[in-house]
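# Coordinate inspection notes
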Amino acid sequence: MQLYSYFRSSAAYRVRIALNLKGLPYDTVPVHLLKDGGQQLKPDYVRLNPQALVPALVDGSTVLTQSMAIIEYLDETHPQPPLLPATPAARARVRALAQGIACDIHPLNNLRVLRYLKRELDVPDDARDAWYRHWVQTGLLALERMLADSPDTGTYCHGDTPTMADACLVPQLFNARRLDCDLSAMPTILRIDAACQALPAFAGAAPENQPDAAA
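Rules behind the numbers
Residues numbered from 1 in each chain as written. Predicted model: local features only at pLDDT ≥ 70, side-chain atom pairs only at ≥ 80, totals over all residues. Heavy atoms only, no water. Buried < 20%, exposed > 50% of the residue type's maximum accessible area, 1.4 Å probe, protein only. Helix = DSSP H or I, 4+ residues; strand = E, 2+ residues; numbered from the N terminus. Arc of directions from axis to C-beta. Contact = heavy atoms within 4.5 Å. Pairing = 2+ DSSP bridges. Axes fitted to C-alpha atoms, helices over the stretch in contact; angles between N-to-C directions. Phe/Tyr/Trp six-rings, centres within 6.5 Å; stacked < 30°, edge-to-face > 60°. Core = buried A, V, L, I, M, F, W, Y, C linked by side-chain atoms within 4.5 Å. Domains from an automatic or database assignment.

## Observations concerning helix 8 (residues 187-197)
- Among all positions of helix 8, only Thr188, Ile189, Ile192, Asp193, Ala195 and Cys196 are buried. Buried residues in helix 8, looked at end-on, bunch into an arc of 160 degrees, giving them a common side.
- On its buried face, helix 8 is in contact with helix 6 (125-148), helix 7 (164-178) and helix 9 (200-205).

Take a look at the structure:
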């Protein structure tokens, strides 16, 4: 498999975690989102992924886009270890946690959104960063309540094995820390993050450990 990835992309980071948890080998194809005007906008890549986003995963003749769809594909094609629980209610909970990050928090602090605020709307840097922190902290505080109030929360977001929810949580916290978001009111999230970071699958997926990190 080939993963088209940018080391700091939280969506690509999620997929790297999933691949590592599954123990699946893959080749990284770097797509630098800032160099050359954005390599994701080059015709060759747009032919692969018309949305001009990372990640994209090539598995034989199959080209997959959108990190959540890729993770579920990996879970269906390589069931062990599972990234979704066994029962419908538990799977729905994990999907809700994951989508709370991937659908509600992440899109508002995506690179192209922040660039639009700065370049097209002429929003000053401090106001743009305040926008970022507001939406990240609002979303993560809601997630903290969901996790802290549920008996289904264990060592990880759901129980005592990592799931798709953890694969989404850790990259979002990486981004939050980059912009100095206040995480002090999120003890459950921080505890889960620490447990994840201790696992080789998460450590190996970290941005600083990617082949394009020094590019």
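## Let's talk about the sheet that holds strand 2 (residues 27-30)
- Spatially, the 4 strands line up as an open sheet ordered 2-1-3-4, and their pairing is mixed. What marks the edges here is a single partner per strand, and that holds for strand 2 and strand 4 (62-65). The mean angle between the axes of side-by-side strands here comes to 20 degrees, regardless of whether they run parallel or antiparallel.
- Strands strand 3 (56-59) and strand 4 of the sheet are contacted by helix 3 (residues 67-77), whose axis makes an angle of about 130 degrees with strand 4.

## Things to note about the packing of aromatic side chains
- Applying the stated rule across the entire model yields 4 aromatic pairs.
- Between Tyr6 and Phe7, the aromatic rings sit 5.0 Å apart at their centres with planes inclined by 70 degrees, giving edge-to-face as the arrangement. Each member of the pair, Tyr6 together with Phe7, is buried.
- Taking 6.1 Å as the distance between ring centres and 70 degrees as the angle between the ring planes, the aromatic pair formed by Trp131 and Trp135 counts as edge-to-face. With a gap of 4 residues between them, Trp131 and Trp135 both fall in helix 6, about one helical turn apart.
- Residue classification places Trp131 among the partly exposed positions, given a relative accessible area of 30%.
- Take Trp135: its relative accessible area is 33%, and that puts it in the partly exposed class.

## Things to note about unusual backbone geometry
- The linkage connecting Val54 with the following residue, Pro55, adopts the cis geometry, with an omega of 10 degrees.
- As for its position among the elements, Pro55 is in the loop between helix 2 (43-48) and strand 3.
- A cis amide bond links Gln80 with the next residue in sequence, Pro81, at an omega value of -15 degrees.
- Of note, Pro81 is situated in the loop between helix 3 and helix 4 (88-105).
- A positive phi angle is found at Ala52, which is not glycine, with a value near 55 degrees.
- Following the sequence through the fold, Ala52 ends up in the loop between helix 2 and strand 3.
- One non-glycine residue, Asp122, lies in the positive phi region at around 60 degrees.

## Focus: the nonpolar core
- The biggest cluster of nonpolar side chains holds 52 residues, and the ones touching the most others in it are Ile17, Leu19, Leu140, Leu143, Leu169 and Ile189.
- Counting only elements with at least two residues in this core, the list comes to helix 1 (10-22), helix 3, helix 4, helix 5 (111-119), helix 6, helix 7, helix 8 and helix 9.
- If you tally residues by element for this core, the top one is helix 7, at 8 residues.
- Domain assignment of the residues forming this core places at least three in each of domain 1 (2-81) and domain 2 (88-202).
- The residues touching Ile17, leaving out its near neighbours within four places in the chain, are Ala167, Val170, Pro171, Ala201, Phe202 and Ala205.
- Formed by 9 residues, the second largest nonpolar core is a distinct cluster that contains Tyr4, Tyr6, Phe7 and Val31.

## With respect to helix 3
- If you check which residues of helix 3 are buried, you get Ser67, Met68, Ile70, Ile71, Glu72, Leu74 and Asp75.
- As for helix 3, its buried residues are in contact with helix 1, strand 3, strand 4, helix 4 and helix 7.

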